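Residues per chain, in single letters:
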Amino acid sequence: MRGIIVEDGDLQIKGGSLVIGEVKAQVAEHLTRAFTGEYKHEPTLGGNAKNMIAGRPDSFWAGNVKNQLKYCKVEVERIKVVDDDIEIELK
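So, here's what we can say about the structure. In this text the structure is predicted, and so the values were computed from the model without any measurement.

Here we look at the overall build of the protein chain
Summing up its helical and strand segments, the protein chain has three helices and eight strands in all. Taken from the N to the C terminus, the helices and strands of the protein chain come in the order β-β-β-β-β-β-α-α-α-β-β. The principal-axis extents of the C-alpha atoms in the protein chain amount to approximately 45 × 25 × 25 Å. Looking at the protein chain as a whole, 24% of its 91 residues qualify as buried. For the protein chain, the share of sequence-separated contacts (at least 6 apart) that also reach a separation of at least 24 residues comes to 26%. A total of about 6,500 Å² of accessible surface is found on the protein chain, and carbon and sulfur atoms cover 50% of it.

Here it is, written out as structure tokens:
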């Protein structure tokens, strides 16, 4: 999947043009970090990772995020929560 590259919240620009490249990992990171309702065009999307890590672990969280990423056309092999870190392995 190709799209506009964003790093640290800033659009990447080279030679006066937006940088286009592979964005699967970027989409996965943004969706996982987003809170439900943050995307106004799709209010049911959002991984709520901060709530899940800081609060009580939800046994269905990884499956829910995997389904949301599939909806966004990002295929995920595995999602694993290790301590305060989330590992996402893309296909």
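Okay, back to it.
Some details on a negative patch on the surface
Together, D83, D84, D85 and E87 give the surface a local cluster of negative charge. Among the structural elements, D84 can be located in the loop between β7 (76-82) and β8 (85-90).

Focus: a nonpolar patch on the surface
On the surface, a cluster of nonpolar side chains totalling about 450 Å² of accessible area is made up of I4, L11, I13, L18 and I20. With respect to the secondary-structure elements, I13 resides in strand β4 (residues 13-14).

Quick notes on the environment of D83
Along the chain, the position of D83 falls in the loop between β7 and β8. Through-space distance from the C-alpha of D83 to that of I53 is 8.2 Å; in sequence the pair is 30 residues apart.

Reading the values: the criteria
Residue numbers run consecutively from 1 along every chain, following the written order of its sequence. Confidence filtering applies because this is a predicted model: local features only for residues at pLDDT of at least 70, side-chain atom pairs given and counted only at 80 or more, and all residues used for totals across whole chains, interfaces and linings. Hydrogens are left out, water is left out, and the side-chain values use all remaining heavy atoms of the structure. Strands are runs of DSSP state E lasting at least 2 residues, helices are runs of H or I lasting at least 4, and numbering of each runs from the N terminus. Exposed residues in this analysis have more than 50% of their type's maximum accessible area, buried residues have under 20%, and partly exposed residues fall in between, with area computed by a 1.4 Å probe over protein chains only. Contacts are assigned to residue pairs that have any heavy atoms within 4.5 Å of one another. To be clear on the numbers: accessible area is Shrake-Rupley with a 1.4 Å probe, and residue cover counts the displayed protein chains and nothing else. Exposure above 30% relative accessible area and the lack of any salt bridge qualify a residue for a patch; like charges then connect within 9 Å, and the nonpolar side chains Val, Leu, Ile, Met, Phe, Trp and Tyr within 5 Å. Whenever a carboxyl oxygen of Asp or Glu lies within 4 Å of a side-chain nitrogen of Lys or Arg, that contact is scored as a salt bridge. Positive charges are assigned to Lys and Arg, negative charges to Asp and Glu, while His and the chain termini are left out of the count. Charge positions are represented by NZ for Lys, CZ for Arg, CG for Asp and CD for Glu.

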